Amino acid sequence: MSVERILDPRLRERVVSAEHAASLIQPGETVAMSGFTGSGYPKAVPQCLAQRIEQAHARGEEFRINLLTGASTAPELDGALAKVDGIAMRMPFQSDPDARKRINAGKLDYLDIHLSHVAQHVWFGFYNEIDTAVVEVSAIHADGSLVPSTSVGNNKTWLDLAKKVIIEVNAWQPLGMDGMHDVYYGTALPPHRKPIPLVRGDDRIGQTTLRCDPDKIAAVVLTHAPDRNSPFNPPDADSQRIAGHLIEFLKHEVARGRLPANLLPLQSGVGNIPNAVLAGLASSGFRDLEAFTEVIQDGMLELLRTGVLRYASCTGFALSPVATEEFMRNIDFYRQRIIMRSQEVSNHPELVRRLGCIGMNGMIEADIYGNINSTHVMGSSIMNGIGGSGDFARNGFLSVFLSPSTAKNGSISSIVPMVSHVDHTEHDVAVVVTEQGLADLRGLPPRARARTLIANCVHPDFRDQLSDYFERACRDSYGKHTPHLLPEALSWHQRWLDTGTMKA
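Residue positions are counted from 1 within each chain, in the order its sequence is given. With pLDDT at 70 or above as the cut-off, local features in this predicted model cover only qualifying residues; side-chain atom pairs require 80 or more to be listed or tallied, and sums for whole chains, interfaces and linings still use all residues. Side-chain calculation: all heavy atoms of the structure are included, whereas hydrogens and water are not.

Novice: Any chance you could explain the domain arrangement of the protein chain here in plain terms?
Specialist: Many structure descriptions define interface size as the accessible area lost when the parts assemble. Just so you know, the domain bounds were taken from an automatic or database domain assignment. Each domain of the protein chain was delimited in the assignment, giving domain 1 (3-223) and domain 2 (237-462). Centre-to-centre, using C-alpha coordinates, domain 1 lies 28 Å away from domain 2. Any two residues whose heavy atoms approach within 4.5 Å at even a single point are treated as in contact. With 46 residues of domain 1 in contact, the opposing surface of domain 2 contributes 44 residues. Values labelled buried area give the accessible surface lost by two parts on being combined, using a 1.4 Å probe and summing over both. Both faces combined, the contact of domain 1 with domain 2 buries some 3,600 Å², and carbon together with sulfur accounts for 58% of it. By salt bridge we mean one thing: a side-chain nitrogen of Lys or Arg within 4 Å of a carboxyl oxygen of Asp or Glu. Seen at the junction of domain 1 and domain 2, the total is four salt bridges. Salt-bridge contacts for Glu 290 lead to Arg 200; the nearest nitrogen and oxygen are separated by 3.4 Å. Side-chain atoms alone can form a polar contact between residues adjacent in sequence; in general such a contact is a pair of N or O atoms within 3.5 Å, and within protein one must be able to donate a hydrogen while the other accepts it. One can count 28 residue pairs in polar contact (both at pLDDT 80 or more) joining domain 1 with domain 2. Helix and strand assignments come from DSSP, with helices taken as H or I runs of at least 4 residues and strands as E runs of at least 2, each series counted from the N terminus. It is helix 5 (residues 97-104) that contributes the most residues to the side of domain 1 that touches domain 2, three residues altogether. When residues are grouped by polarity, Ala, Val, Leu, Ile, Met, Phe, Trp, Tyr, Cys and Pro land in nonpolar, Asp, Glu, Lys and Arg in charged, and all others, Gly among them, in polar. Here the residues of the side of domain 1 that touches domain 2 sort into 18 nonpolar, 19 polar and nine charged.

Novice: Would you mind going over the sheet that holds strand 24 (residues 415-416) with me for this structure?
Specialist: Within the open sheet, the three strands sit side by side as 18-17-24. Their pairing is mixed. Lying at the two open borders of the sheet, with one neighbouring strand each, are strand 18 (372-373) and strand 24. Note on pairing: two strands pair once DSSP finds at least 2 bridges between them. Sheet topology places strand 17 (residues 365-367) next to strand 18; two bridges connect them, and they run antiparallel. Pairing of Ala 366 across the sheet is with Ile 372, part of strand 18.

Novice: Would you mind going over unusual backbone geometry with me for this structure?
Specialist: Cis geometry is found at the peptide bond from Met 91 to Pro 92, where omega equals 5 degrees. Mapped onto the fold, Pro 92 is located in the loop between strand 3 (87-91) and helix 5. The amide bond that connects Pro 190 to the next residue, Pro 191, takes the cis arrangement and shows omega of 5 degrees. Tracing the backbone through its elements, the reader meets Pro 191 in the loop between strand 8 (181-182) and strand 9 (217-223). The phi dihedral of Asp 288 falls on the positive side, at around 60 degrees, and the residue is not glycine. Locating Asp 288 in the fold gives a position in the loop between helix 9 (272-282) and strand 11 (289-292). Summary of the burial criterion: residues with accessible area below 20% of their type's maximum are buried, those above 50% are exposed, and those between are partly exposed, where the area comes from a 1.4 Å probe applied to protein chains only. Residue classification places Asp 288 among the partly exposed residues on the basis of a relative accessible area of 36%. Non-glycine residue Met 378 carries a positive phi angle of around 55 degrees.

Novice: Just checking my understanding: could you explain the environment of His 57 for this structure?
Specialist: Turning to its location among the elements, His 57 is positioned in helix 3 (residues 45-58). Sequence separation between His 57 and Val 84 is 27 residues; the distance between their C-alpha atoms is 8.3 Å. There is a polar contact of 3.1 Å between the side chain of His 57 and the backbone oxygen of Val 84.

Novice: What exactly am I supposed to notice about helix 3 here?
Specialist: Spacing of three or four residues puts side chains on the same side of an α-helix, whose turn is 3.6 residues. Expected helix span is computed as 1.5 Å times (number of residues minus one). Taking 1.5 Å per residue, 14 residues should reach 20 Å; helix 3 reaches 20 Å between its end C-alpha atoms and fits that length. Listing the buried residues of helix 3 in full gives Val 45, Pro 46, Cys 48, Leu 49, Ala 50, Ile 53 and Ala 56. One or two positions beyond helix 3, positive phi appears at Gly 60, with a value near 85 degrees.

Novice: Help me understand the layout of surface pockets in this model?
Specialist: Empty space left among the atoms is revealed by rolling a probe the size of a water molecule over them. For the second largest pocket, the calculated volume is near 450 Å³. Of the grid points, spaced at 1 Å and generated over the protein atoms alone, those admitting a 1.4 Å probe that cannot get out make up cavities, while open sets with protein on both sides within 12 Å along at least five of seven lines make up pockets; any residue with an atom within 4 Å of a point is treated as lining. In terms of lining, the second largest pocket is formed by 23 residues, of which the most central are Thr 187, Ala 188, Arg 193, Glu 344 and His 348. Per-element tally for the lining of the second largest pocket: the top contributor is helix 6 (residues 118-124), with four residues. For the lining of the second largest pocket, the per-class residue count stands at 10 nonpolar, six polar and seven charged. Residue assignment places the lining of the second largest pocket across two domains, with domain 1 (3-223) and domain 2 (237-462) each supplying three or more. Grid points are joined across faces, edges and corners, and a volume is the space filled by probe spheres set on the points.

Novice: Help me understand the pattern of salt bridges in this model?
Specialist: A side chain of one charge can pair with a side chain of the opposite charge if their charged atoms are brought near each other. On inspection of all chains with the given rule, the structure shows 34 salt bridges. The partner of Arg 90 in a salt bridge is Asp 78, with the nearest N and O atoms 2.7 Å apart. In this pair, Arg 90 is assigned in strand 3 and Asp 78 in helix 4 (residues 75-83), connecting sequence segments 12 residues apart. Its relative accessible area of 1% is what places Asp 78 among the buried residues. Of the charged contacts, one joins Glu 253 and Arg 258 as a salt bridge, the two residues approaching to 2.9 Å between their closest N and O atoms.

Novice: Even after reading the chapter, I still don't get a nonpolar patch on the surface, so can you show me in this structure?
Specialist: Residues enter patches when their relative accessible area tops 30% and they take part in no salt bridge; the joining distance is 9 Å for like charges and 5 Å for the nonpolar side chains Val, Leu, Ile, Met, Phe, Trp and Tyr. All accessibility values rest on the Shrake-Rupley procedure with a 1.4 Å probe; residue burial counts only the protein chains present in the view. On the surface, Trp 123, Phe 124, Phe 126 and Leu 189 cluster together to form a nonpolar patch covering roughly 360 Å² of accessible area. Relative to the helices and strands, Trp 123 is located in helix 6. The exposure class of Trp 123 is partly exposed, given its relative accessible area of 30%.

Novice: Can you help me understand helix 5 in this one?
Specialist: When we look at burial in helix 5, the residues that qualify are Ala 99, Arg 100, Arg 102 and Ile 103. For helix 5, the angular spread of the buried residues around the axis is 165 degrees, confining them to a single face. Along helix 5, exposed side chains directed more than 90 degrees from the buried face belong to Pro 97 and Lys 101. Each element contacted by the buried residues of helix 5 is listed here: helix 4, strand 4 (109-110) and strand 20 (381-382). With a side-chain oxygen positioned 2.9 Å from the backbone nitrogen of Asp 98, the residue opening helix 5 is Asp 96. What the arc describes is the spread of directions from the helix axis to the C-beta atoms.

Rendered as structure tokens:
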């Protein structure tokens, strides 16, 4: 592969094989890698590192690392290292089935934290020092500055704090990415922090490249490999109904004067249901929308292309193969409308609150009072992680949680007496939507929230059962402010574990 994307002659001299670069990583190191939701992650070094770990284990040698990223990555990184039991600790977000299996078996320690906390907690010294950073870029300028690829994530922090750095220059990434990024270098540690000077979501306050002390760059690896591009399922009937309920609610809020005609900056979690909501917005009649979010997925790209969305600010992409081709084909168009930031800015709680974002995220379950579980199945088995949903739920203008009303072929109700794990308390939840309807919980005391959720969001197969629980709790519970029957509160989950259904 050619070195033509490396314009700094000093760094051209440091081009090595991925195998050699991987040999620089030692057992027990804390390794920070680029990547956010399958975009912009290193493609070659992690796989060579996994081979090296596997060989060490075959010799009876211990070899595991602590792995930090921006969010989830891809099979070539998380999957490759998990399969060879090469990860001792993982944070802050994951979605790989091999990693998940080991986490839930107790063989891999997983630290699930808010995405806005990662960079600052590392700066605070709450974790080990970063021994090695492995960061993908699309090019290196003559002055040594690094052009990010399809995610920024925590790369600025990794490059600043790592003792040594390995750079992957990926020629698959389009050169047209140059100029799309906005990397802010004005953050500081308390008590020296200053306000981030971002007033509108499309303000540019930083520089288009990353910087790194060239003396720390130990190796440069040339690659030509695509991001992980997973197609989204076409919106099914339930997803379309969920989207319809939410869009009608937003129109109602505009009519009541509580939202402007072009809404407020949108944040959308990754998944088929949020993507269906974005698809619904395309034909909703809304115009001049804005997005201040973590991830751009297919639906948001479509809104930009049709002019429904004026701009989108993010830290990474989650595009299907078809959307990736569209993005690359028209990258000059998108470079004028997409701003990619570090996740300490894209998820910054003060910015989310000041801009008044509308947060739209998926959930595993909600209880009758509006507490949300977005991470754990049956209370103890991790699915992916909290990601950035908490950053937007607590601080946004509106926090919306979306889910079908049932799961596992109707054997599980997504609305339960008490959630088996709490990620977002009732204090941070404004709206819950299922295909059955929408519950606006704003301004409602606990018992009114319960009645609203049961009436609007619960599947008919579970509505009478949940109503019966609630009415008995109102009559017999120890306290009447938030009525619960403690021996029964988690019995639905235990019944599913015992019998395969929550139905009584």
